[in-house]
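These are the residues of each chain, in order.
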Amino acid sequence: MEALKDLYHQARETRERAYAPYSGFKVGAAILSSSGKIYAGCNVENISYPCGTCAEAGAIAAMLAGGDTKIQEILVIADSSPLILPCGACLQRIAEFATPDTLIHLADMEGVKQTLPLSKIFPATFTAKELLK
C-alpha cells in the first residue's frame, strides 16, 4: 500500500511538470520497478504533434536509464473523467518490460480509482515469438 502511495505522489508531482502548451492535457506516470525503485515521466508535446512523447514512455526511459528493466506496477494520472488508459503504443511499450499480471493503476487528481492487470487491458500483445519465427 505504501508503494502505491509513493507511485501516486511521484506521478502526480511529475504530471505538474508536463510540457503540454498545445492541448493543456497533462499526464504523469510512475513505475515501480522490480528492484523497488520508482521512476516517473510526463508527457512532452511538440508543435509537430506526432513528435510528442507520452508520460509512460518517459517513465520507461527513466527506468532503463536507471538500470532497471522490469516493471512491477505502473500508475497513470491525468485530470480527466473518465479515467485515461495508456494508448496502444504505450501498452505495447509496457508489455515489453512487464508480465501479463503487471498492475496498471489509473488515477485522477483525487487518487487511484481503478487497478487492472495488463492482460485485462491488452490481452493480445505483439511479442518476440512472432518476430523471431
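Residue positions are given per chain, counting from 1 as you read along its sequence in written order. Only residues with pLDDT of at least 70 are given local features in this predicted model, and only at 80 or more are side-chain atom pairs given and counted; all residues enter the totals for whole chains, interfaces and linings. In computing side-chain properties, one takes all heavy atoms of the structure into account and sets aside hydrogens as well as water.

Chemist: With reference to specific residues and values, describe the sheet that holds strand β3 (residues 71-78).
Modeler: The pairing criterion is simple: DSSP has to find at least two bridges between the two strands. Counting from the N terminus, the helices are DSSP H or I runs at least four residues long and the strands are E runs at least two residues long. As summarised here, the arrangement of the 5 strands in space is β2-β1-β3-β4-β5, forming an open sheet in which the pairing is mixed. The open sheet terminates on both sides in strands that have one partner only, identified here as β2 (38-42) and β5 (111-117). The average undirected angle you get between the axes of adjacent strands in this sheet is 20°. Contact definition: two residues touch when any of their heavy atoms are within 4.5 Å. In this analysis, axes come from line fits to C-alpha atoms, helices being fitted only over the stretch in contact, and the angle between any two N-to-C directions falls in the range 0 to 180 degrees. Each of β1 (27-33), β2 and β3 touches helix α2 (residues 55-65); the most contacted strand, β2, lies at about 140° to it.

Chemist: Help me get a handle on the pairing of strand β4 (residues 103-108), residues and values and all.
Modeler: Counting buried positions along β4 gives 5 out of 6 residues, so the element sits mostly inside the fold. For β3 and β4, the ladder comprises 5 bridges, and the chain directions are parallel. Along β4, the bridge assignment pairs Leu75 with His105. By the criterion used throughout, a crossover qualifies as right-handed when its path from the first strand across the helix to the second strand runs clockwise, the strands pointing away from the viewer. For the crossover from β3 across helix α3 (residues 88-96) to β4, the handedness is right-handed. When β4 meets β5, the two strands line up antiparallel, connected through 6 bridges. Of the residues in β5, the one forming a bridge with Ile104 is Leu116. Here the term buried applies to any residue with accessible area under 20% of the maximum for its type, exposed to any over 50%, and partly exposed to those in between, with areas from a 1.4 Å probe on protein chains only.

Chemist: An account of the nonpolar core is requested, with residue identities and associated values reported.
Modeler: As a rule of thumb, soluble globular proteins bury nonpolar side chains together. Ranked by internal contacts, the top residues of the largest apolar core, which has 24 residues, are Ile31, Ile71, Ile94, Ile104 and Leu118. Of all elements in the fold, only β1, α2, β3, α3, β4 and α4 (118-121) reach the threshold of two or more residues within this core. Definition of nonpolar core: a set of buried residues of the types Ala, Val, Leu, Ile, Met, Phe, Trp, Tyr and Cys, connected through side-chain atoms within 4.5 Å. Core analysis: the next-biggest nonpolar cluster, separate from the first, contains 9 residues, Ala11, Leu32, Leu75 and Ala107 among them.

Chemist: Provide a residue-level description of the packing of aromatic side chains, including the pertinent values.
Modeler: Stacked, tilted and edge-to-face are the three classes applied to pairs of Phe, Tyr and Trp rings, where Trp contributes its six-membered ring and a pair requires centres within 6.5 Å; stacked means planes under 30 degrees apart, edge-to-face means over 60, and tilted covers the rest. All told, the structure shown has 1 aromatic pair when counted by the stated rule. Judged by centre distance (6.3 Å) and plane angle (65°), the rings of Tyr22 and Tyr49 are edge-to-face. With a gap of 27 residues between them, Tyr22 in the loop between α1 (2-15) and β1 and Tyr49 in the loop between β2 and α2 connect regions that are remote in the sequence. Looking at Tyr22, the relative accessible area reads 36%, which means it is partly exposed. Classification of Tyr49 by relative accessible area gives exposed; the value is 52%.

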